[in-house]
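# Summary of the model geometry
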Amino acid sequence: MKTIKKKKNNQAIGKVVLALSVFVLLFVGLSRLLNVYQISYVGAIFEILWLPVILLLFILPVLSLIYWIQDKFNPKSIFLYSIALGIASVVLMVYDK
């Protein structure tokens, strides 16, 4: 009974982590492609969100790795895809421009 409840809880956490990873990747990608300061309110939103996104950029892959280890390195795990998105975000942020 506890394993079923724990598995459902991990799936819910996995969906949230994956959604946040997609958000971070889109935020980093769009900030590299667009001039966010061209429109004043877009620049203001960018300035408000950049610190939480930077924190998520480095926390989410570590969190995903921890849950992936708990999932016994299942290649079908949603945490593996979250790790891949996190690594792609870091690479995009570091090596672009």
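Below: a short report on this structure. Just so you know, these numbers come straight off a predicted model, no measurement behind them.

## Details of the environment of Gln-38
- Secondary-structure assignment places Gln-38 in the loop between helix H1 (2–33) and helix H2 (40–70).
- With a relative accessible area of 65%, Gln-38 lands in the exposed category.
- Gln-38 sits 31 residues away from Ile-69 along the chain, and the two C-alpha atoms are 43 Å apart.

## Considering the packing of H2 against helix H3 (residues 78–95)
- Axis separation between H2 and H3 bottoms out at 9 Å; the angle between their running directions is 150°. Here H2 is positioned roughly antiparallel relative to H3, judged by the angle of their axes. The hand of the H2/H3 crossing is left-handed. Of the residues in H3, those in contact with Ile-54, Leu-57, Phe-58, Pro-61, Ser-64, Leu-65, Tyr-67 and Trp-68 of H2 are Phe-79, Leu-80, Ser-82, Ile-83, Gly-86, Ser-89, Val-90 and Met-93.
- A breakdown of the residues in the contact of H2 with H3 according to their chemical character gives 12 nonpolar, four polar and no charged.

## Describing the packing of aromatic side chains
- Summed over the entire model, instances satisfying the criterion amount to five aromatic pairs.
- Measuring from centroid to centroid gives 6.1 Å for Phe-23 and Phe-27, while their planes differ by 40°, and the two rings are tilted. Taken as a pair, Phe-23 and Phe-27 lie in helix H1 at a separation of four residues, close to a single helical turn.
- Owing to a relative accessible area of 36%, Phe-23 belongs among the partly exposed residues under this scheme.

## Considering empty space enclosed by the protein
- Under the defined criterion, the tally for this structure stands at one cavity of 30 Å³ or more.
- Of the voids in this model, the largest cavity is the one considered here, and its volume is about 30 Å³.
- Ser-21, Val-24, Leu-56, Leu-57, Leu-60, Pro-61, Leu-85, Gly-86 and Ser-89 are the residues that line the largest cavity.
- When contributions to the lining of the largest cavity are tallied by element, the ones reaching two or more residues are H1, H2 and H3.
- Ranked by residue count, the leading element in the lining of the largest cavity is H2, at four residues.
- Partitioned by chemical class, the residues of the lining of the largest cavity number six nonpolar, three polar and no charged.

Definitions and cut-offs
Residues numbered from 1 in each chain as written. Predicted model: local features only at pLDDT ≥ 70, side-chain atom pairs only at ≥ 80, totals over all residues. Heavy atoms only, no water. Helix = DSSP H or I, 4+ residues; strand = E, 2+ residues; numbered from the N terminus. Buried < 20%, exposed > 50% of the residue type's maximum accessible area, 1.4 Å probe, protein only. Axes fitted to C-alpha atoms, helices over the stretch in contact; angles between N-to-C directions. Parallel < 35°, antiparallel > 145°, perpendicular 65-115°, else oblique. Left-handed = near helix turned anticlockwise from the far one by under 90°. Contact = heavy atoms within 4.5 Å. Nonpolar A, V, L, I, M, F, W, Y, C, P; charged D, E, K, R; others polar. Phe/Tyr/Trp six-rings, centres within 6.5 Å; stacked < 30°, edge-to-face > 60°. 1 Å grid on protein atoms, 1.4 Å probe; cavity = no way out; pocket = protein on both sides within 12 Å on 5 of 7 lines; lining within 4 Å. Points joined across faces, edges and corners; volume = space filled by probe spheres on them.

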